[in-house]
Amino acid sequence: MKRNENIVLLSRDHHFGLLHIWKIRQGLKKEISAERIAAYISSYWQQNQEAHFLEEEKYLFPYIKHELIDQALREHEQIRQIIAQLAMAPTVKLLEEYAELLNAHIRYEERVLFPYMEENLSDEALQQIGKNLTEEHHTEVEEYADEFWK
């Protein structure tokens, strides 16, 4: 499905999020230490993911009151909690849980939440979202020297 031009920036972020998950899973397959992979997750969070979550919470989610938004917010919080746990005591189990939850969250937003919003928001609301995102959007950057996934 073609994404509405006003929220396409968030979908592009999701592409990078799926690549992030792939790298984690490659690291797990190669039996890279949990500490190395957790350090990568922390870096990705600080460089990209935190800004993405905040943009969704500030510019997208307030436009509609619905249980679908409630689910997205709960998932954001669960992901934040796992990232905090990984920073304190990284384990393979937590890495797997993080990758699975983030993957499911991205798929949920792309397949359920965004289509619902595109269908139910007015053109004016979508245009305002697009304007806000264009002005404030954080461009994905990945500067991480330890390419453990290769």
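Nothing here was measured: the structure is a model prediction, and the numbers come from that model.

Digging into the overall build of the protein chain
In terms of regular secondary structure, the protein chain is built from five helices and zero strands. Along its sequence from the N terminus, the protein chain presents helices and strands in the succession α-α-α-α-α. By the compact-globule yardstick of 15 Å for 150 residues, the protein chain fits well, its C-alpha radius of gyration being 16 Å. When its C-alpha atoms are laid out on the principal axes, the protein chain stretches across 50 × 30 × 25 Å. Residue burial in the protein chain is summarised as follows: out of 150 residues, 47% are buried. In the protein chain, of all internal contacts separated by at least 6 residues, the share reaching a separation of at least 24 is 82%. A total accessible area of about 8,200 Å² is found for the protein chain, and carbon and sulfur atoms account for 50% of it. Seen as two clouds, the 17 positive and the 28 negative side-chain charges of the protein chain have centres 5 Å apart.

So, the packing of aromatic side chains
Applying the stated criterion to the full structure yields six aromatic pairs. Centroid distance tyrosine 40 to tyrosine 44: 6.4 Å. Interplanar angle 45°. Geometry classified as tilted. Pair noted here: tyrosine 40 and tyrosine 44 are both in helix H2 (residues 34–60), with a separation of four residues, about one helical turn. Take tyrosine 40 and tyrosine 44: they sit in the same class, and that class is buried. Measuring from centroid to centroid gives 4.9 Å for phenylalanine 148 and tryptophan 149, while their planes differ by 80°, and the two rings are edge-to-face. Accessibility assignment for this pair places phenylalanine 148 and tryptophan 149 in one class, buried.

Points about the pattern of salt bridges
A side chain with one charge can pair with a side chain of the opposite charge if their charged atoms come near. Enumeration according to the criterion identifies eight salt bridges in this entry. A salt bridge links aspartate 146 to arginine 36; the nearest nitrogen and oxygen atoms lie 2.6 Å apart. Residue aspartate 146 is located in the segment after helix H5 (123–136), and its partner arginine 36 is located in helix H2; the two are separated by 110 residues in the primary sequence. As a salt-bridge pair, lysine 150 and glutamate 147 come within 2.9 Å of each other at their nearest N and O atoms. Residue classification places lysine 150 among the exposed positions, given a relative accessible area of 65%. Salt bridges sharing partners connect three or more residues here, namely Arg3, Glu110 and Glu118.

Looking at the environment of isoleucine 21
Looking at the secondary structure, you find isoleucine 21 in helix H1 (residues 8–29). Taking the C-alpha atoms as reference points, isoleucine 21 and alanine 99, 78 residues apart in sequence, are found 5.5 Å from one another.

Some remarks on helix H4 (residues 92–120)
Over its 29 residues, H4 extends 40 Å from the first C-alpha to the last, a length consistent with the 42 Å expected when each residue adds 1.5 Å. Where H4 bends most, at glutamate 109, the angle is about 40°.

Conventions adopted
Residues numbered from 1 in each chain as written. Predicted model: local features only at pLDDT ≥ 70, side-chain atom pairs only at ≥ 80, totals over all residues. Heavy atoms only, no water. Helix = DSSP H or I, 4+ residues; strand = E, 2+ residues; numbered from the N terminus. Rg over C-alpha atoms; globule rule 2.2 N^0.38 Å. Buried < 20%, exposed > 50% of the residue type's maximum accessible area, 1.4 Å probe, protein only. Contact = heavy atoms within 4.5 Å. Areas by Shrake-Rupley, 256 points an atom, 1.4 Å probe, with all protein chains shown as cover. Lys, Arg positive; Asp, Glu negative; His and termini not counted. Charge placed at Lys NZ, Arg CZ, Asp CG, Glu CD. Phe/Tyr/Trp six-rings, centres within 6.5 Å; stacked < 30°, edge-to-face > 60°. Salt bridge = Lys/Arg side-chain N within 4 Å of Asp/Glu carboxyl O. Expected span 1.5 Å × (residues − 1). Bend = angle between axes of the 7 residues up to and from the residue.

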